[in-house]
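Structural characterization, general
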Amino acid sequence: MLIHWIMARRGSCGCCLWWPLTVTLMLSVLQGVHSQAVHVSDAVSGYIGSDAVLQCSFVNTMTNVKITQVTWQKSTNGSKQNVAIFNPAMGVSILQPFKGRVEFLKPSIHDGTIQIRNLQLTDNAAYICEFATFPTGNRESQLNLTVLARPENEMVVTTKKLVAVPLSREKMVVATCISSNGKPPSSISWETHLRGEAEYQEIKNDNGTVTVISRYKLVPTREAHKQLLTCVINYQTERVTKNTTITVLYEPQVLIEGFDGNWYVKRADVKLICKADANPPPSEYTWRMANGSLPDSAEVNNNTVSFRGPVTYSLSGIYICEAKNSIGSQTGQVEVNVTEFPFTPTPTDQTERREQSMFPAAIIGGAVGGAVLVLAVSVILFVVLRRRHHTFKGDYNTKKHVYGNGYSKAGVAQHPPMAQSLQYPEDSDDEKKPGPVGSISYEEEEDEEGIDGRKLSTKYNDDSKRPYFTVEEGESCGYSEDRTLGFQYEPEDLPDNLVAQNDGSYISKKEWYV
């Protein structure tokens, strides 16, 4: 752009002859800018009281450039303040308030590095390193110096007495953790099993530091007593912890020990012990019984009641112990029962072995019971099927039943005709088996009593006069299939082409002779 501007100026003035000199000077300046540079360190930091080194060097490739002076300046809120000056002809000069704390490490026209000792918070600022050259002018670069402040950490435990008040929900500050004058500020957290809450506060100081305060609050309870409370302070890469143990005052909590549920007559050396959880510890114990005074054999020694001689029924009753401390008092009680004989509980290992042995026994018993059940069902099915086999012979698919005893075969003499009307006794299992008229009649005057309470008259007094027999009766009486009964009846109007069978059915003559 500069060359374009020069060319434009040349065109505007036409015959101007001074422009070659101007162009040569401007090109020299541009070349000097690119061949000269001031190099400084990156951002520098240090803690209060430590030392900080601010590096600065000048790179110059032009042989005709002369360095006349090196100057350090502090820039604060837009204003500049000289810190240190090096002049090859005049030497080194350190200005107030840095005099005595700042020095050039290797002063030269190429190296302007300085060191600031015993850093202070006021040293926190931007610093400018400047090289004065001729004829190219001044060259400079800037770096930032950060001064850190390590905080002072502490934990303050409350001096107030923490008293556990029943049903109270008021929270009290039990400890305060403080991280003072830190830069940058610290972070505070708490580690504990207590059920409390933390409050945080930050205070910015005039010198740029920050004070962080955290207060831990909780409701004083019996459970909070002797619990550990830890404050954790994190600053930069550092971790600091502060510990304290909470102390809570509470009234006694009473428990009576000694009665094992097995006080029996003539047992010796029994006693009751009153144990109280309290802070501070109980200062006084008082024993009594719910129904009056202690037995005559009782001996009280602070929190213990001993009984002289063997146990008797007079020791039965409710024993009460009251414990007191500076916070309050509480009572505990136990009911003592005296038995005539001692109780011997079953050992735990025997009970476990018994339970373990019952498990396989139950499995074996179940298996045996199942086998017995299957066997019983099998026997019942066998009996039922066998009975059906004896009471039913023949094939109902090819045979038809007729009235009669069923033992006649072809060629056997026929019996007298069967009566036309048949009677069936009520509620009889053989209601479909026919009998001759008059074989059994219901009469009120006869001696034998029937099923329904009416008198029965029996016409046939012996089996030889019965009109028919069942298959089972026939077999039991010794009848074979080749014999016929003494009284046989053939069905009335039997067709010529049918033949009666043993089971009361009949088939065709063609099937009979096959």
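This section reports on the structure supplied with the text. This structure is a prediction, so every number in the text was calculated from the model and none was measured.

What follows covers the overall build of the chain. A count of helices and strands for the chain gives 5 helices and 33 strands. Across the 514 residues of the chain, 32% fall into the buried class. In the chain, once contacts between residues fewer than 6 apart in sequence are set aside, the share between residues at least 24 apart is 58%. Accessible surface, the chain as shown: approximately 32800 Å² in total, 53% of it carbon and sulfur.

All right, on to the nonpolar core then. With 28 residues, the main nonpolar core has L54, W72, V102, Y127, F131 and L145 as its most contacted residues. Elements supplying a minimum of two residues to this core: β3 (52-54), β4 (56-60), β5 (66-76), β6 (79-87), β8 (102-104), β9 (114-116), β10 (125-134) and β11 (137-148). Of all the elements, β10 adds the most residues to this core, at 4 residues. Apart from the residues lying within four places of it in its own chain, the contact partners of L145 are V44, A52, L54, I116, L119, D123, N124, A125 and Y127.

The next thing to look at is the packing of aromatic side chains. Taken as a whole, this structure holds 6 aromatic pairs when the rule is applied. Seen from their ring centres, F259 and W263 are 5.5 Å apart, and the 75° between their planes marks the pair as edge-to-face. Residue W263 is classed as buried on the basis of its relative accessible area, which comes to 1%. Pairwise contacts between aromatic rings join F259, W263, F307 and Y319 into one cluster. Here R150 stacks its cationic end above the ring of Y47, 4.0 Å away from the centre of that ring.

Tallied over the full model, the rule gives 3 disulfides. Between the sulfur atoms of C177 and its disulfide mate C231 the distance is 1.8 Å. Between C177 and C231, the S-S dihedral sits near -85°, and the bridge is therefore left-handed. Of this pair, C177 sits in strand β13 (residues 172-182) while C231 sits in strand β17 (residues 228-235), and the two are 54 residues apart along the sequence. The burial state of C177 is the same as that of C231; both residues are buried. Covalently, C274 is tied to C321 through a disulfide, its sulfur atoms 2.1 Å apart. Taking the sign of the S-S torsion, -90° for the link of C274 and C321, the bridge is left-handed. Of this pair, C274 sits in strand β21 (residues 271-279) while C321 sits in strand β25 (residues 317-324), and the two are 47 residues apart along the sequence.

Attention now moves to the environment of E154. Structurally, the position occupied by E154 is in strand β12 (residues 152-157). Sequence separation between E154 and I213 is 59 residues, and the spatial gap between their C-alpha atoms is 9.9 Å. Setting aside residues up to four positions removed in sequence, E154 forms contacts with T176, C177, I178 and K242.

This part covers the sheet that holds strand β22 (residues 284-289). Taken in spatial order, the 3 strands line up as β22-β25-β26 in an open sheet, and their pairing is antiparallel. This sheet does not close on itself; its edge strands, each paired only once, are β22 and β26 (329-336). Looking at each pair of strands side by side, their axes are set apart by 20° on average, direction ignored. The pairing of β22 with β25 spans 6 bridges and is antiparallel. Note on β25: the bridge partner recorded for Y285 is A323.

So, on to the sheet that holds β17. Spatially, the 3 strands line up as an open sheet ordered β14-β17-β18, and their pairing is antiparallel. The sheet is open, and its two edges are formed by β14 (187-192) and β18 (238-245), each paired on a single side. Within the sheet, the average angular offset between the axes of one strand and its neighbour, ignoring direction, is 20°. Inspection of the sheet shows β14 paired to β17 by 6 bridges, in the antiparallel sense. Looking across to β17, one finds that T192 is bridged to L229.

The next thing to look at is a nonpolar patch on the surface. On the surface, a cluster of nonpolar side chains totalling about 400 Å² of accessible area is made up of L373, V377, L381 and L385. Mapping L373 onto the fold places it in helix α3 (residues 348-391).

Turning our attention to the environment of Q36. Structurally, Q36 is set in strand β1 (residues 36-40). Q36 sits in the buried class, given a relative accessible area of 5%. Sequence separation between Q36 and V65 is 29 residues, and the spatial gap between their C-alpha atoms is 9.5 Å. Look past the residues within four positions of Q36 in its chain and what remains in contact with it is F58, V59, N60, M62, V65, T133, T136 and R139.

This paragraph deals with the side chain of T304. Topologically, T304 is positioned in strand β24 (residues 304-307). Note on T304: relative accessible area 16%, which makes it buried. A distance of 3.4 Å separates the side chain of T304 from the side chain of N303, its partner in a polar contact. Those residues in contact with T304 that lie beyond four places of it in its chain are K271, L272, I273, W287 and E299.

Between F134 and the following residue, P135, the backbone shows a cis peptide bond with an omega angle of 10°. Here P135 shows up in the loop between β10 and β11. With an omega of 5°, the peptide bond between N279 and P280 qualifies as cis. Considering the arrangement of structural elements, one finds P280 in the loop between β21 and β22. Unlike most non-glycine residues, D269 shows phi in positive territory, near 60°. Mapped onto the secondary structure, D269 falls in the loop between β20 (263-264) and β21. Exposure remark for D269: the relative accessible area of 75% places this residue in the exposed category. Positive phi outside glycine occurs at N302, with the angle close to 60°. Within the secondary structure, N302 is located in the loop between β23 (298-301) and β24. Its relative accessible area of 48% is what places N302 among the partly exposed residues.

Each value, and the rule that gives it
Residues numbered from 1 in each chain as written. Predicted model: local features only at pLDDT ≥ 70, side-chain atom pairs only at ≥ 80, totals over all residues. Heavy atoms only, no water. Helix = DSSP H or I, 4+ residues; strand = E, 2+ residues; numbered from the N terminus. Buried < 20%, exposed > 50% of the residue type's maximum accessible area, 1.4 Å probe, protein only. Contact = heavy atoms within 4.5 Å. Areas by Shrake-Rupley, 256 points an atom, 1.4 Å probe, with all protein chains shown as cover. Core = buried A, V, L, I, M, F, W, Y, C linked by side-chain atoms within 4.5 Å. Phe/Tyr/Trp six-rings, centres within 6.5 Å; stacked < 30°, edge-to-face > 60°. Lys NZ or Arg CZ within 6 Å of the ring centre and 35° of its normal. Disulfide = S-S within 2.5 Å. Pairing = 2+ DSSP bridges. Axes fitted to C-alpha atoms, helices over the stretch in contact; angles between N-to-C directions. Patch = residues over 30% accessible without salt bridge, like charges linked within 9 Å, V, L, I, M, F, W, Y side chains within 5 Å. Salt bridge = Lys/Arg side-chain N within 4 Å of Asp/Glu carboxyl O. Polar contact = N/O pair within 3.5 Å; in protein donor to acceptor, adjacent residues only side chain to side chain.

Interpretation in functional terms is not warranted from these geometric data alone.
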